[in-house]
Amino acid sequence: MGSVKTVVRVGIADLNIVKEPDTIRTSGLGSCVGVVLYDERRKVAGMVHVMLPDSSLGKGGPLNAAKFADTGIYALMERLKAEGVRPMALKAKIAGGSQMFQFGSSDTVRIGPRNVEAVKQELRRLSIPLVAEDTGGSSGRTIEFDPATGVLNVRTVNQGTKEI
Amino acid sequence: MTTEFTISDMHLDVLKEIGNIGAAHAATSLSELLQRTIDMHVPKVALVSFDDMFELAGGSERVVVGIFLRLEGDLSGSMFFVLPIESANRFIRRLIGDGTFDFSDPSTIREIGVSAMQELGNILSGSYLSALSDFTGLKIYPTVPSLSVDMVGAIVSFGLIEVSHYSDEVIVIDTKIVEVDGNDTSVDGHFFLLPDPPSYVTIFKSLGVM
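Residues numbered from 1 in each chain as written. Chains lettered and ligands numbered in written order. Predicted model: local features only at pLDDT ≥ 70, side-chain atom pairs only at ≥ 80, totals over all residues. Heavy atoms only, no water.

Caption draft 1: Broad picture of the overall build of chain A. The helix and strand tally for chain A stands at three helices and 10 strands. N-terminal to C-terminal, the α/β element order of chain A is β-β-β-β-β-α-β-α-α-β-β-β-β. Compactness check: chain A gives a C-alpha radius of gyration of 15 Å against a globular reference of 15 Å for 164 residues, within 12% of the reference. Principal-axis analysis of the C-alpha atoms gives chain A an extent of 50 × 35 × 25 Å. Residue pairs in contact within chain A that sit at least 24 positions apart in sequence constitute 62% of those at least 6 positions apart. Summing over all exposed atoms, chain A offers an accessible surface of approximately 7100 Å²; the carbon and sulfur share of this is 48%. Each charge class in chain A was averaged separately, 22 positive and 17 negative side chains, and the resulting centres sit 1 Å apart. (Helix = DSSP H or I, 4+ residues; strand = E, 2+ residues; numbered from the N terminus. Rg over C-alpha atoms; globule rule 2.2 N^0.38 Å. Contact = heavy atoms within 4.5 Å. Areas by Shrake-Rupley, 256 points an atom, 1.4 Å probe, with all protein chains shown as cover. Lys, Arg positive; Asp, Glu negative; His and termini not counted. Charge placed at Lys NZ, Arg CZ, Asp CG, Glu CD.)

Caption draft 2: Seen up close, the interface of chain A and chain B. Listed by partner, the interface residues are 36 residues for chain A and 32 residues for chain B. Buried surface at the junction of chain A and chain B, both sides included, amounts to about 2800 Å², of which 62% is carbon and sulfur. Where chain A meets chain B, there are three salt bridges. The salt bridge partner of B:Glu61 is A:Arg155, with a shortest N-O separation of 2.9 Å. The tally of links between chain A and chain B comes to 12 residue pairs in polar contact (both at pLDDT 80 or more). Contributions of two or more residues to the side of chain A that touches chain B are made by strand S3 (23–29), helix H2 (106–109), strand S8 (141–146) and strand S9 (151–156) of chain A. Per-element tally for the side of chain A that touches chain B: the top contributor is S3(A), with four residues. Residues of the side of chain A that touches chain B, tallied by class, amount to 12 nonpolar, 19 polar and five charged. (Buried area = accessible area lost by both parts, 1.4 Å probe. Salt bridge = Lys/Arg side-chain N within 4 Å of Asp/Glu carboxyl O. Polar contact = N/O pair within 3.5 Å; in protein donor to acceptor, adjacent residues only side chain to side chain. Nonpolar A, V, L, I, M, F, W, Y, C, P; charged D, E, K, R; others polar.)

From the geometry alone we can't say anything about function, so treat these as descriptive.
And the structure:
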């Protein structure tokens, strides 16, 4: 028992949750932001891979809540609540929001920093403390969170790996 | 989809046909530049999820050399030229005559190699787009190419930002780049054309299929 660890994968504009001893991971974050919400005591966590800052940017079609900072973080919190996690117990760690290229349409050039700002604003609105971040720059990131330890592992191509 | 029509197999087939014409032009230019026989063809035109799009380019975490251009004019969209590090190194070493050049080692990267890589992107996109322009009568202008050595997901997602405002799926015209060396052929990379959803109608109208 407990010897088999599963890595739960989160795609782009996607969210999921995980319990100890499993870990949760998303790869290839560029301008997108990976947001982890976790309950240290219960060792439960969730991750959302946010692509755009605000759901008001969605132009029709069915709304994928996980795509936007505002709806994505809220939807993740609701998923965790359904697992019996109290919102008061949640903390957050975030990574991503790079500026991969220096040009593009005016909207998309600064999408990374805008995503980071929108994520922080939503966390403040939901009163979830942000305890660590690795954001900005111009590198892609792959992140993996372990709910047992509360550590977020951040890997980049040129700057190695760090734990936050 | 928010486009007011359903994308059918017929639409995708037409895009594949244009893709192949563009690819043939681009392959000729590339072969001349590299003095090697380069073949380019379109194995796939499909409406795919963003995660599937990364898979086509080698997987979200795979480290590649990516060249990105935005398209402006009568239609808008993104173009990517994605090469494995080894293939990009081989092309650039040949072009600049420097056997030590290595995209995975920043200390060896010289400006001239980066410029050569961007020029490769210019030539590919230029010949591809002129074929597309001739065929559709649409004026299409690429921006200056921008280069990044990083994970597929990080690079390609940047070109999906515009699409993501409308949809969770994208029409991808995937062009395989193959180097023919004697009897040996190696897949050297992919060239992706991702029109922004508002341009779907423009393209299909110009081709007389709607």
